[in-house]
Structures are given as C-alpha cells and as structure tokens.
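Listed here are the chains, written in short residue letters.
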Amino acid sequence: MKFLLSATLLLPLSMASFNVAADPGSFPRHAGKVAAGPMKESNELRDLKRRALSGDVSANRALGQRYRDGDGVGQDRKEAAKWFTAAAESDDAYSQNELGFALLNGFGVEANLGQAYRWFRTSALAGNADAMENLAYIYGSRNQSGVIPANALACYMAAAQLGSATAKDQIAKLSASALNRVKAAYASHFLERKDPLKTCVGTYDDKLFG
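Conventions used here
Residues numbered from 1 in each chain as written. Predicted model: local features only at pLDDT ≥ 70, side-chain atom pairs only at ≥ 80, totals over all residues. Heavy atoms only, no water. Core = buried A, V, L, I, M, F, W, Y, C linked by side-chain atoms within 4.5 Å. Buried < 20%, exposed > 50% of the residue type's maximum accessible area, 1.4 Å probe, protein only. Helix = DSSP H or I, 4+ residues; strand = E, 2+ residues; numbered from the N terminus. Contact = heavy atoms within 4.5 Å. Axes fitted to C-alpha atoms, helices over the stretch in contact; angles between N-to-C directions. Parallel < 35°, antiparallel > 145°, perpendicular 65-115°, else oblique. Left-handed = near helix turned anticlockwise from the far one by under 90°. Nonpolar A, V, L, I, M, F, W, Y, C, P; charged D, E, K, R; others polar. Phe/Tyr/Trp six-rings, centres within 6.5 Å; stacked < 30°, edge-to-face > 60°. Lys NZ or Arg CZ within 6 Å of the ring centre and 35° of its normal. Disulfide = S-S within 2.5 Å.

Chemist: If you had to explain the nonpolar core to someone new, which residues and values would you point to?
Modeler: Of all hydrophobic cores here, the largest spans 34 residues; its most connected members are Phe 120, Ala 124, Leu 135, Leu 197 and Cys 200. When contributions to this core are tallied by element, the ones reaching two or more residues are helix 4 (93-105), helix 5 (113-125), helix 6 (129-141), helix 7 (150-161) and helix 10 (196-201). Ignoring anything within four residues of it in the chain, the contact list for Cys 200 reads Met 132, Leu 135, Tyr 139, Asn 151, Ala 154 and Cys 155.

Set out below in structure tokens:
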C-alpha cells in the first residue's frame, strides 16, 4: 500500500534533516477515505466482531483496517484505534505500527509521541519495515542540526534490507555531502553495519519522547 499524505498528518519539523523533498512516500500511513455516512452492519462484519471478541487477532486487525478505511462501514478512527489496540497487544506487528500512527497523529486517540515511539519500536523489532521508516520519521523530525541522525538513517537501512522501496529511495536521495557528514555520526553511534536495526531501535527509554 502506498503512503499518502492526509490533511491532518503531522509534518516533519525539519525536512532539512533528511535533505530530501517532501515526498509522500517518506511519511507514515494514511487513514483512508471517508465513507458516506453510517452503514447497516453486514453479516460479515458481525462475524468479524464475534471472532475479534473471542480473541482472533486477525479479526481485530481486519476490523481496524475496515474502520480506518471506511471499508463497508462508516470511517471511524476511534473504532479503528480500539481494534488495532487489541491486535497490537496480542503482538500483531502490523497493528502495532497502525496504533503508533494513530497515536502520532491523534487519530481516534489522544496524540502521544512517547506511546507512538513505543509501538513503532515494538513493531520494528518484530520486523515491520513500515515501523522502521516511521521511527526514522520521528528521529528526523526532532533533529535540528541539518544532518540526518544516525539512528534515522539506520532505520532506513534496516527497512531497505527488508526490500522497502521507500527506504531505498530515501537513502538514494541523500546528497553525497550529507552522506559524508553522516559517516562521523555512524562512528559516534557505533553502528553495526550488518545490523542497522540495533541502532534504529536503540535502547528503549519511556522518557525519550515524553
């Protein structure tokens, strides 16, 4: 799924940190189209809810997607966040990333950067490339130095290793001068080039983005 900019999406605080144009592919997942008003609950939707309430993680994730996108239901970000939360707490990496996105932007929940970071990090550790890119976004948006932080570039490198075209594109767009300046940051952060995910996720600190 391609990433699209939403009108309410938080924009980076310093795009200069990345030295790239404001490419929609650089940003977290969109929240879908708004459906035209409430819809009658279908048998399929009732079955999904029954399964979700019985603990079916895939059903919780599917309901989150339905309410996020307005697919067969009226779009409802609060409902989407509720079902994604249930799936995220059951270790579903996709839903962890989606919940992080909701928390980052205040979609259906109160915005909380610290909790968004926590869920993106958890999802990234489970191997979700989208979450790695979202961590890069957070790191870069908080950086005011004009140089992409080592942990942000490490997140793009980790996502690129998983085949993410978006991450590969971001790395390719960095200017040669920016890459040279980042080499010093690599050294200071002890980046293990064979395992950039270690630098991407770092050591969890619940006060880091509090």
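Chemist: Please provide a residue-by-residue account of the packing of helix 1 (residues 43-53) against helix 2 (residues 57-69), values included.
Modeler: Between helix 1 and helix 2, whose axes approach to 8 Å, the crossing angle comes to 135°. Put simply, helix 1 runs oblique to helix 2. With respect to the hand of their crossing, helix 1 and helix 2 are arranged in left-handed fashion. Residues Glu 44, Leu 45, Leu 48, Lys 49, Arg 51 and Ala 52 of helix 1 lie in contact with helix 2, whose contacting residues are Ser 58, Ala 59, Asn 60, Ala 62, Leu 63, Arg 66 and Tyr 67. Each residue belonging to the contact of helix 1 with helix 2 can be placed in one class, and the counts come to seven nonpolar, two polar and four charged.

Chemist: Describe unusual backbone geometry, with residues and values.
Modeler: At Asp 91, a position not held by glycine, the phi torsion is positive, near 70°. Mapped onto the fold, Asp 91 is located in the loop between helix 3 (77-88) and helix 4.

Chemist: If you had to explain the environment of Leu 45 to someone new, which residues and values would you point to?
Modeler: By the element assignment, Leu 45 lies in helix 1. Along the sequence, Leu 45 and Gly 72 sit 27 residues apart, while their C-alpha atoms lie 8.3 Å from each other. Discounting residues that sit within four places of it in the chain, Leu 45 has contacts with Leu 63, Arg 66, Tyr 67 and Val 73.

Chemist: Tell me about the packing of aromatic side chains, and please be specific about residues and values.
Modeler: Counting across every chain of the model gives two aromatic pairs. Considering the side-chain rings of Phe 84 and Tyr 94, the 6.3 Å spacing of their centres and the 55° angle between planes classify their relative orientation as tilted. Of this pair, Phe 84 sits in helix 3 while Tyr 94 sits in helix 4, placing them 10 residues apart in sequence. For Phe 84, a relative accessible area of 4% corresponds to the buried category. Given the relative accessible area of 22%, Tyr 94 is considered partly exposed. In this arrangement the basic side chain of Arg 77 is found over the ring face of Phe 107, its NZ or CZ atom lying 3.9 Å from the centre. The residue whose ring lies beneath Arg 118 is Trp 119, and the NZ or CZ to ring-centre distance is 4.5 Å.

Chemist: So, the state of the cysteines: which residues are in play, and what are the values?
Modeler: The full count for this structure, using the stated rule, is one disulfide. In this model Cys 155 forms its disulfide with Cys 200; the gap between the sulfur atoms is 2.1 Å. Taking the sign of the torsion about the S-S bond as the criterion, the disulfide between Cys 155 and Cys 200, at about 95°, is right-handed. Separated by 45 residues along the polypeptide, Cys 155 in helix 7 and Cys 200 in helix 10 bring together distant segments of the chain. Here the two residues Cys 155 and Cys 200 agree in accessibility, since each one is buried.

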